[in-house]
Amino acid sequence: MAAPARSAETQIIHRACSTCEASCGLKIEIDPVAKTVVRVEGDEDDYRSHGYICPKALAMKEIYEDPERLRKPVKKNEDGSWTEIEWDEAMELAVSKLKGIKEQYGNNAIGYYIGNPTGHNVGAQLYIPPLMAGLDTQRSFSAATMDQQPQNVALHTMLGDGWMFPIPDIERTDFFVCMGGNPLVSQGSLMSGPNAKKRLQEVIARGPNGKGRVVVIDPRRTETAEIGTDHVFIKPGSDAYFLLSACQVLFAEGLVNPGRLAEFTDGLDTIERVCADYTPERVEAATGIPPETTRQLVRDFCAAQGAWYGRIGLCTQEYGTLASWLIYVVNVLTGRLDAEGGMLFPRAATGRSEAGRPWEPFAHGRYKTVKRGFPEVDNQLPCGLMAEEMEEASAGADRMRGFVCAIGNPVLSAPNGERLAAALDELDFMLSLDIYINETSRHADLIMPSTVQLEHENYEFLFETTTVHNFSRWSPQLFEPDDDQRHQWQIYCELGARLNGAPSWEIVDDMMVKGMLGMMVGPNTGCPDVMPEAAYEMLQDEHGPMRMIECMVRVGPYGDKFGANPDGLSLEKLRGMDQGVDLGMLQANRLPECMPMDRIDLCPEYILGDLPRLEAGLEERSREDRMVLVGRRQIRNMNSWLHNLPALAKGKNRCTLMIHPDDADRLGLENRKFARVSNRVGEIEVECEVTDEMMPGVVSLPHGYGHTLPGVKMSVATEKQPGACANYLTDESSIDVLSATHVANGIPVEVRSA
Ligand SMILES: Nc1nc2c(c(=O)[nH]1)N[C@H]1C(S)=C(S)[C@@H](COP(=O)(O)OP(=O)(O)OC[C@H]3O[C@@H](n4cnc5c(=O)[nH]c(N)nc54)[C@H](O)[C@@H]3O)O[C@H]1N2
Ligand SMILES: Nc1nc2c(c(=O)[nH]1)N[C@H]1C(S)=C(S)[C@@H](COP(=O)(O)OP(=O)(O)OC[C@H]3O[C@@H](n4cnc5c(=O)[nH]c(N)nc54)[C@H](O)[C@@H]3O)O[C@H]1N2
Ligand code: SF4
Ligand SMILES: [Mo]
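Residues numbered from 1 in each chain as written. Chains lettered and ligands numbered in written order. Predicted model: local features only at pLDDT ≥ 70, side-chain atom pairs only at ≥ 80, totals over all residues. Heavy atoms only, no water.

Caption draft 1: Looking closely at the site of ligand 3. Every residue near ligand 3 is listed here: C17, T19, C20, A22, S23, C24, I53, C54, K56, A57 and Q187. Broken down by class, the residue content of the shell around ligand 3 amounts to seven nonpolar, three polar and one charged. (Near = heavy atom within 4 Å. Nonpolar A, V, L, I, M, F, W, Y, C, P; charged D, E, K, R; others polar.)

Caption draft 2: Up close: the site of ligand 1. By nearness alone, 27 residues border ligand 1, and N116, S413, D434, N438 and S640 come closest of all. Between ligand 1 and N116, the relevant distance is 2.7 Å, taken from an oxygen atom to a main-chain nitrogen or oxygen of the residue. For ligand 1, a nitrogen atom lies 2.8 Å from a polar atom in the side chain of N727. Starting from 920 Å² of accessible surface for ligand 1 in isolation, the protein chains cover 96%. Classifying every residue of the shell around ligand 1 gives 11 nonpolar, 13 polar and three charged. (Polar contact = N/O pair within 3.5 Å; in protein donor to acceptor, adjacent residues only side chain to side chain. Areas by Shrake-Rupley, 256 points an atom, 1.4 Å probe, with all protein chains shown as cover.)

Caption draft 3: Summary view of the pattern of salt bridges. All chains considered together, the criterion is met by 61 salt bridges. Linking E41 and R39 is a salt bridge whose minimum nitrogen-to-oxygen distance equals 3.9 Å. Given a relative accessible area of 33%, E41 falls into the partly exposed group. R39 sits in the partly exposed class, given a relative accessible area of 42%. The shortest N-O distance in the salt bridge between E457 and R575 comes to 2.9 Å. In this pair, E457 sits in the loop between β19 (446-447) and β20 (458-459) while R575 sits in helix α23 (residues 571-575), placing the two residues 118 residues apart along the sequence. A residue is classified by how much of its surface remains accessible, and E457, at 25% relative accessible area, is partly exposed. What makes R575 partly exposed here is its relative accessible area of 22%. (Salt bridge = Lys/Arg side-chain N within 4 Å of Asp/Glu carboxyl O. Buried < 20%, exposed > 50% of the residue type's maximum accessible area, 1.4 Å probe, protein only. Helix = DSSP H or I, 4+ residues; strand = E, 2+ residues; numbered from the N terminus.)

Caption draft 4: Quick look at the side chain of S23. Within the secondary structure, S23 is located in the loop between β1 (11-16) and β2 (25-31). Of the polar contacts made by the side chain of S23, one reaches the backbone oxygen of E21; its length is 3.1 Å. Other than its neighbours up to four places away in sequence, S23 contacts A16, C17, R48, E460 and F463. (Contact = heavy atoms within 4.5 Å.)

Caption draft 5: Quick peek at the packing of aromatic side chains. For the structure on display, the rule yields nine aromatic pairs. With a centroid separation of 4.5 Å and an interplanar angle of 15 degrees, the aromatic rings of Y64 and F479 are classed as stacked. Taken together, the residues span a long stretch of sequence, with Y64 in helix α1 (residues 59-65) and F479 in the loop between β22 (474-475) and α19 (488-499) at a distance of 415 residues. Y64 gets classed as buried once you look at its relative accessible area, which sits at 10%. On the numbers, 5.6 Å between centres and 75 degrees between planes, the contact of W489 with W505 is edge-to-face. In this pair, W489 sits in helix α19 while W505 sits in helix α20 (residues 505-520), placing the two residues 16 residues apart along the sequence. Taken together, the ring pairs connect Y127, W489 and W505 into an aromatic cluster. Lying over the aromatic face of Y278, R282 brings its terminal NZ or CZ to 5.2 Å of the ring centre. A cation sits over an aromatic face here: R352 above F461, 3.6 Å from the ring centre. (Phe/Tyr/Trp six-rings, centres within 6.5 Å; stacked < 30°, edge-to-face > 60°. Lys NZ or Arg CZ within 6 Å of the ring centre and 35° of its normal.)

Caption draft 6: Structural detail: the side chain of N331. Tracing the sequence through the fold places N331 in helix α14 (residues 320-333). Of note is the side chain of N331, whose polar atom sits 2.8 Å from the backbone oxygen of W308. Setting aside residues up to four positions removed in sequence, N331 forms contacts with F301, A307, W308, R336, L337 and M343.

Caption draft 7: Focus on helix α5 (residues 149-159). Taken across its 11 residues, α5 has 11 buried, putting it largely inside the fold. By the burial criterion, the buried members of α5 are Q149, P150, Q151, N152, V153, A154, L155, H156, T157, M158 and L159. Just downstream of α5, G160 is the residue with a positive phi angle, here 100 degrees.

Caption draft 8: View of the sheet that holds strand β11 (residues 230-232). Read from one edge to the other, the open sheet built from four strands follows the order β11-β10-β9-β13, with strand pairing classed as parallel. Sheet topology places β11 and β13 (306-310) at the edges, where each strand pairs with a single neighbour. Strand-to-strand twist in this sheet, taken as the mean axis angle between neighbours without regard to direction, amounts to 15 degrees. Looking at chain direction, strand β9 (residues 175-179) and strand β10 (residues 213-217) are connected through five bridges and run parallel. Counterpart to F176 in the pairing with β10 is V214. (Pairing = 2+ DSSP bridges. Axes fitted to C-alpha atoms, helices over the stretch in contact; angles between N-to-C directions.)

Caption draft 9: Highlighting the sheet that holds strand β3 (residues 36-42). Spatially, the three strands line up as an open sheet ordered β1-β2-β3, and their pairing is antiparallel. The open sheet terminates on both sides in strands that have one partner only, identified here as β1 and β3. For this sheet, the mean angle separating the axes of adjacent strands, direction not counted, is 30 degrees. Pairing between β1 and β2: six bridges, direction antiparallel. The partner of I13 across the bridge, within β2, is I28.

Structural data, given as structure tokens:
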């Protein structure tokens, strides 16, 4: 390949990094003629990130440049090779196959999985509805059931909206408790903001006499714990016991003080009763936490401006919903929810946490999986059950026969990936919407790739709802895609339109925007001075996600109300701002107005229903001493998909099994030697990293590796960072039933020398 011609003039473009939640500001120097990226730097003028970046800042450049990235659809031939085809042929093939399956076997013979990078692509998020309408199936799976679904369930049942996450007020707190999260590496999940290290150091500096506290409760002494003030080892999966004991201490020591929350909270007496038996002494053997540590932590927290936070280690565990719920309970009992320095509700420019939203009751069990009758939870089925739903031997004639995998790699990221890989080959038809031929898409009959970040505009649609500081930000497209590339939203919209027999995707797109405006502007709305038709005429774009963003932003809490508030925010203004707009610190006292329910239900019956299981498990947990596996994230990874980028794949093998020296000695394992890790589900071989970072009895392995399968066309990943797949050990039948979420932390394993 000849080197592209280089023009004399380069340009600097400001853009948010779309790789993780932090959305740091970047300055990207491009050559617009050669269509190449010359340099990527942190943007010191960005008021959110002040020039901070991590090594993954290079990801968008390297994905854009990756010669193995697909640009056009590819169809699998009989012999397993791939042929590039035109979009029209690809669309026709996909639609005829999917429609054929629906007609012959019914809609539920189709299933789909929606993966994580969706959250980083506004077009992909906003156009899931037309895709879902086109597929019209109950077999709906996503990464949520390996992620935040327990938090969704707790919030939906307590406040009436599963997506109004309370976020640590990290800019004001002086006492941050972090359970099951490692913001130093993940950059803060559901606490989005660049440079977690600096923010946490400021928490410590802010405390009285520079003695603020960052308390990490984790089976591993993490990077966050290293810069924190306190670290407490906890046995994996025992957080619900520990949090109940923290509640017990609050009541026993007269420290309960919900403040203004008491006026609109039900269930305070119930929680007192529920936690009464769980003294720190009673749960000590299960949690591994000395009672005095619990008591002192609770007292110190109450004396400070505390925020108590829990993340993925609390979600993807045996009692995921109970643990996630109890985090919110502790914040209510101590008056820290919706209070300065506590856990606050961001106010998104697109208006998704404003007063007056309709309340949709929490729903579950309306339908079930075929094989084991597992009940749906808020439209989600556990993603690890996809395999058994596909297998003829398990699901028989009612099995899933057609499958759409959108922006996900579940063979590596969902439980029992080996079983899923085999099941995918039983399908009549599989469509992958992916930019690589990877561990999952290699099973597809057809792959449709989308444009990547630098080829489309973006708006931080999800992360303005999970941010530690209110902001609104648009990012420009750096390079015009080729004529025969498609954006993810176009693919969804066109697939949906064709599946439903709509005249064109343009009509579907217009209908979506008109429907939206019909509800948002006009008489009896927050934007009464303009009629929907007039608003429609004012929109900047002809099609696409930014048109919807424009509607939401203009009507939203800071918006220009389509002219009625001329100083307000609009897409046009955002498009002129290099770093987006600073909308101020998070606000306190937004409840109860900003929640759809009138009152907080501190003890939803649905969640209390799981307490007998928790109680029944206490004795066994107190006794057992089996080895368990937990996960970890690493700064140069993003789940499964950045290992093909040279800048991020270089260096030594990172897929290591961390193990405590005492365990290593006992098992005859040595640093940098290989161990065999096995259980009912599978067996893998991984390099050991002997370290006292680990709690004895617990081993830690990152997920997203295992680039060793035939047919995968990611040569850098395969060569430099193949690793082994943690999810070949994750048991697909081990599920937190309340949230349909898998147990990916605290998995029993046997470890021996390889
Ligand atoms: N053991 C264990 N397993 C876990 C976790 C854990 O902690 N431990 N974490 C879980 C969590 S929180 C998550 S979110 C999931 C993530 O798991 P998935 O949702 O499956 O996501 P990824 O593994 O990141 O795969 C992303 C896929 O999207 C493709 N892709 C990236 N960008 C684009 C794009 O612009 N267009 C298209 N069409 N495709 C694109 C990539 O090539 C890749 O195939 O993993 C879960 N799995
Ligand atoms: N660099 C990088 N950043 C990422 C990602 C990535 O892959 N790489 N993934 C992104 C995604 S999709 C997500 S969802 C977020 C997740 O963001 P985080 O929640 O911060 O994720 P982790 O870094 O995996 O931290 C989970 C912690 O939980 C601990 N843990 C495990 N089991 C238990 C338990 O039973 N109890 C307690 N108390 N702790 C436990 C683990 O030891 C680990 O330290 O990160 C996002 N950011
Ligand atoms: S922390 Fe790294 S990956 Fe995340 S937004 Fe910032 S530069 Fe990008
Ligand atoms: Mo995630």
